[in-house]
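# A look at the structure
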Amino acid sequence: MSLETGILFDRRFQEHEAPYEHPERPARLAAIESRLEREGLTARCRRIPAREATRDELLAVHTSRLVLEIEATAGRRYTSLDPDTYASPGSALAARLAAGGLVDLALGVLRGELRNGLALLRPPGHHAEADRAMGFCLFNNVAVAARAAQRDAGPARILIVDWDVHHGNGTQNTFYEDASVLYFSTHQWPFYPGTGAITETGASRAAGRTINVGWPAGRGDADHLAAFDDLLLPVAREFDPDLVLVSCGFDAARGDLLGQQLLSPGGYAAMTSRLQSLAGGKLILALEGGYALDAIAASAAACLQALLGDPAEEPDAGAPSPAARRAIADAREAQRPFWRALQNGNEEARPAGRPTRNGQ
């Protein structure tokens, strides 16, 4: 019997809602869920129930002060956590459910109980720092799931791919000195939150475990796929992950309200398909940004088709732009000292031993 694709969503995620017009709004999930239902995709997946993250799971990433700060917003009509980030009466519960549900989905995939998975989460997470909610994010869902996976599987090696249009500062900072996690981000740069320079490559024994590709505005499918083919995949094969988690923002899509990139649904599907070649296909996409309702619905559907093994929409044709080639070349050069796969044109380097959680 073949393994199923897991899908996670919960109506309580919709209870995170600002009392004013805000781009991170419940309609985002409603649009995705409607599209997946209409195309018959949801019915082909195994529904994973959301459950509240435990205090220990949250404290593996966040300070107790932040956890208490988020909890204190429960029942309040409105709390401003920073100029962009809010909490409503149901936000604390939604945030715990998103983090805990993603932990269970990640463990199901890591243990071989599920083939792969899609988590339709609100609020998003990749900007949340250890001690600070920011950028629409309360708890860092992907970071919490990565730490839980490592506790469950011992020295598990986790690849986190972040294709949101904004750099995932919180995720990068969580793992910046941890050699057991490889963080790879494509993002518009310079752009909010101001992090994600190519020169940010990891610290201490984790040098080379952070890879940033900062784009100018207007990069499309061919550009993003070239970053995967020429940089991410050679390095990831050498790193040899046990699990791949994606901070799956759809705000690099053409027409997004906040981003200025040009990815198509076919481009997102093609990136998903490429990642299925890693970690024995143990891959989870966790929703981050994306604010144009039609674009996020179409992109999520294309990604789920790829996870299910269906033929998906083709990416836009064409070659990478000169600007993208320069950005990729610069990122490769910054990473060259740390990866045999990038040295002397050796794109087929294989794993060179498995480091422990905190070192080589």
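Residues numbered from 1 in each chain as written. Predicted model: local features only at pLDDT ≥ 70, side-chain atom pairs only at ≥ 80, totals over all residues. Heavy atoms only, no water.

On to the overall build of the protein, then. Looking only at helices and strands, the protein features ten helices and ten strands. A compact globule built from 360 residues would reach a C-alpha radius of gyration of about 21 Å, and the protein, at 19 Å, matches this within 12%. In terms of overall dimensions, the protein has a C-alpha envelope of 60 × 45 × 40 Å along the principal axes. Relative to its full complement of 360 residues, the protein shows a buried share of 61%. Within the protein, residue pairs in contact and separated by at least 24 positions form 79% of the contacts whose partners lie at least 6 positions apart. Approximately 12,900 Å² of the protein is accessible, and the part contributed by carbon and sulfur atoms is 50%. Charged side chains of the protein number 37 positive and 45 negative; the gap between the two group centres comes to 3 Å. (Helix = DSSP H or I, 4+ residues; strand = E, 2+ residues; numbered from the N terminus. Rg over C-alpha atoms; globule rule 2.2 N^0.38 Å. Buried < 20%, exposed > 50% of the residue type's maximum accessible area, 1.4 Å probe, protein only. Contact = heavy atoms within 4.5 Å. Areas by Shrake-Rupley, 256 points an atom, 1.4 Å probe, with all protein chains shown as cover. Lys, Arg positive; Asp, Glu negative; His and termini not counted. Charge placed at Lys NZ, Arg CZ, Asp CG, Glu CD.)

Further remarks concern helix H9 (residues 293-308). Taking 1.5 Å of rise per residue, 16 residues should cover 22 Å, and H9 covers 22 Å from first to last C-alpha, within 8% of that figure. For H9, a buried count of 14 out of 16 residues is recorded, marking the element as mostly surrounded by other parts of the structure. In the stretch just after H9, Gly309 is the one whose phi turns positive, near 85°. (Expected span 1.5 Å × (residues − 1).)

Our next topic: the nonpolar core. Counting residues in each nonpolar core, the largest one holds 106 residues, and the members touching the most others are Val161, Trp163 and Leu245. Here this core gets twelve residues from one element, more than from any other, and that element is helix H4 (residues 91-110). Those residues in contact with Val161, other than ones at most four positions away along the chain, are Phe184, Phe228, Leu232, Val244, Leu245, Val246, Ser247 and Leu275. (Core = buried A, V, L, I, M, F, W, Y, C linked by side-chain atoms within 4.5 Å.)

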